[in-house]
Amino acid sequence: MAVRLTVLGTSVPLRSLDAGRAGSGTLVSSPSANLLVDCGPGVAKRFHESGNLLSALDAVLLTHHHWDHVSDLWTLVMGRWEESLYRAGEGIPLPAPLTIFGPSGTEELLDRLFGPDGLARHDIESRLEFGYRSILPDGPGPFPRPITRDLAPGETVEIADCHLTVAGAHHCEPILGSLSYRIESDGRSVAFSGDTAPSDEVASVATGVDALIHEGAVIADPSRPATHVHSDALTVGRTAAAAGAHRLILNHHLLDDGDEPTRARIAVQVKENFGGELVFAEDLMVLEV
Ligand SMILES: [Zn+2]
């Protein structure tokens, strides 16, 4: 079985609110695991719309802690718990707790939300006391607190049949740490840049991947100074070419539906440097890798 990518959100921060699209989020489904990369606004809703179960999600990988990449974690964690309880009421075993990986500060972020003294404690306690008692004959049991782990560039992690390689990225350091990821399973490979300016680390972790999911669907304008925190069509093409990626999937973009002229101009700039397949990601797009 190939690795399947389900694009759950493609937008940049404000456009996710005014264009009806979700923030960053992509589900990676291997033969034995479901991993979500980023969890921006609207991603939990898209999860349902895509036909996937929150309760079947094994782990979340956060690239960085900007709100367009993490703000739906509350919905995701609480929604997964509730969905799991209702399914348990139908005789389906409760899943293992969700594991959430991310850059430095991920453990603190999740502890402040879902830890024993976290912001969600009254929500959790009230549901245990009043809401979820009746779902299961023996009660809901304890809240399945997510397992969290800060990652650093150079680390590798095994998640079921997925081999994860962690690398750096170049976004808003040192204030905000950012990571890129490579996920390998069943002989297939996919890499995620997160938000990043051109980065040798991203190119390196994406060496030879079947698919590179990268930001940068922006027309490069040589007359203006380049941003130091994002990529554009020229630089993302260079990164994909340096990596030797087979397919480049552009996400985290501003493109309106049907704006083919802008896509065509971006494609021309990307292809100045990159000769592989180019795809513009859209919410709920499913791709086999
Ligand atoms: Zn972003």
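Above this note sits the structure.
Keep in mind that what you see is a predicted model, and the values were worked out from it rather than measured.

Procedures and definitions
Residues numbered from 1 in each chain as written. Predicted model: local features only at pLDDT ≥ 70, side-chain atom pairs only at ≥ 80, totals over all residues. Heavy atoms only, no water. Axes fitted to C-alpha atoms, helices over the stretch in contact; angles between N-to-C directions. Helix = DSSP H or I, 4+ residues; strand = E, 2+ residues; numbered from the N terminus. Parallel < 35°, antiparallel > 145°, perpendicular 65-115°, else oblique. Left-handed = near helix turned anticlockwise from the far one by under 90°. Contact = heavy atoms within 4.5 Å. Nonpolar A, V, L, I, M, F, W, Y, C, P; charged D, E, K, R; others polar. Buried < 20%, exposed > 50% of the residue type's maximum accessible area, 1.4 Å probe, protein only. Pairing = 2+ DSSP bridges. Right-handed = clockwise from strand over helix to strand, strands pointing away. Salt bridge = Lys/Arg side-chain N within 4 Å of Asp/Glu carboxyl O. Disulfide = S-S within 2.5 Å. 1 Å grid on protein atoms, 1.4 Å probe; cavity = no way out; pocket = protein on both sides within 12 Å on 5 of 7 lines; lining within 4 Å. Points joined across faces, edges and corners; volume = space filled by probe spheres on them. Donors = N, O, S within 2.8 Å, 3.2 Å for Na, K, Ca; no water. Tetrahedral: all angles 85-135°; square planar, octahedral: opposite > 155°, others 65-115°.

Enquirer: Even after reading the chapter, I still don't get the packing of helix α4 (residues 73-89) against helix α6 (residues 121-131), so can you show me in this structure?
Expert: Any two packed helices are characterised by how steeply their axes cross, that is the angle between the axes, and by the distance between the axes. At a minimum axis distance of 12 Å, the contact between α4 and α6 shows a crossing angle of 15°. By the criterion of interaxial angle, the relationship of α4 to α6 is roughly parallel. For the element pair α4 and α6, the recorded crossing hand is right-handed. On α6, the residues that touch W74, M78, W81 and E82 of α4 are D123, I124, R127 and L128. A class-by-class count of the residues in the contact of α4 with α6 yields five nonpolar, no polar and three charged.

Enquirer: Quick question: what am I supposed to make of the packing of α4 against helix α5 (residues 106-114) here?
Expert: Direction vectors running N to C along α4 and α5 enclose 60°, while the axes themselves pass 11 Å from each other. What the angle tells us is that α4 and α5 run oblique. Regarding α4 and α5, the two cross each other, and that crossing is right-handed. Where α4 approaches α5, its residues L73, W74, V77 and M78 are matched on the opposing element by L109, L110, L113 and F114.

Enquirer: Before we go on, may I ask you to explain the pairing of strand β8 (residues 162-168) in this structure?
Expert: In terms of burial, β8 is largely enclosed, as six of its seven residues are buried. In this structure, strand β7 (residues 156-159) lies alongside β8, joined through four bridges in antiparallel fashion. Across the sheet, residue E158 finds its bridge partner in β8, namely H163. Counting the residues between successive antiparallel strands, the hairpin from β7 to β8 contains two residues, one of them, A160, with a positive phi of roughly 50°. Both β8 and strand β9 (residues 179-185) contribute to a ladder of six bridges, which runs antiparallel. Directly across from H163, in β9, lies its bridge partner E184.

Enquirer: Mind showing me how you'd approach the pairing of strand β12 (residues 247-250) here?
Expert: Regular strands place their side chains on alternate faces of the sheet. Because side chains alternate across β12, one face comprises the buried residues R247 and I249, and the other comprises L248 and L250, equally buried. One ladder, built from three bridges, connects strand β11 (residues 211-214) with β12; its direction is parallel. Within the sheet, the bridge partner assigned to L212 lies in β12 and is L248. With respect to chirality, the unit in which β11 leads through helix α8 (residues 233-243) into the neighbouring parallel β12 is right-handed. Strand direction decides the pairing type here: β12 and strand β13 (residues 277-280), joined by four bridges, are parallel. By the bridge assignment, I249 is partnered in β13 with V279. Read as a crossover between parallel neighbours, the route from β12 over helix α9 (residues 260-270) to β13 is right-handed.

Enquirer: How do you make sense of the pattern of salt bridges when you look at a structure like this?
Expert: Pairing is possible between side chains of opposite charge, provided their charged atoms come close. Across all of its chains, the model carries 10 salt bridges by this definition. Between E108 and R112 there is a salt bridge, with the nearest N and O atoms lying 2.8 Å from each other. Here E108 pairs with R112, and both are found in helix α5, just four residues apart, close to one helical turn. For R263, the salt bridge goes to E282, with nearest N and O atoms at 2.8 Å. Taken together, the positions of R263 in helix α9 and E282 in the loop between β13 and β14 (286-288) put the pair 19 residues apart, joining distant regions of the chain. Its relative accessible area of 9% is what places R263 among the buried residues. In this structure, a network of salt bridges that share partners links the residues K45, R46, E49 and D283.

Enquirer: Explanation requested: the state of the cysteines in the structure shown.
Expert: Considering all chains together, one arrives at zero disulfides under this definition. Between C162, a free cysteine, and C39, which holds the nearest cysteine sulfur, the sulfur-to-sulfur gap is 18 Å. Cysteine C172 remains unbridged, with the sulfur of C39 as its closest cysteine sulfur at 20 Å. Residue classification places C172 among the partly exposed positions, given a relative accessible area of 24%.

Enquirer: What should I look at first to understand the layout of surface pockets in this one?
Expert: With a probe scaled to a water molecule rolled over the atoms, the places where space remains empty come into view. Taken as a whole, the largest pocket encloses approximately 420 Å³ of empty space. If you trace the largest pocket, you find 23 residues lining it, with V218, I219, T227, S231 and D232 closest to the centre. In terms of residue class, the lining of the largest pocket is built from 11 nonpolar, seven polar and five charged.

Enquirer: Looking at this model, I keep getting lost on the coordination of the zinc ion. Mind explaining?
Expert: Between any two of four tetrahedral donors, the ideal angle at the metal is 109.5 degrees; between two of six octahedral donors, it is 90 or 180 degrees. Protein-derived ligands of the zinc ion are D68 (OD), H69 (NE2), D195 (OD) and H252 (NE2), with the metal-ligand distances lying across 2.1 to 2.2 Å. Coordination geometry of the zinc ion: the four donor atoms subtend angles of 84 to 173° at the metal centre, consistent with an arrangement described as irregular. As a motif over one chain, the donors of the zinc ion read D-H-x125-D-x56-H. In this pair, D68 is assigned in helix α3 (residues 67-70) and D195 in the loop between β10 (188-192) and α7 (200-205), connecting sequence segments 127 residues apart. Here D195 falls in the buried class, since its relative accessible area comes to 3%.

None of the figures reported here should be taken as evidence of function without further support.
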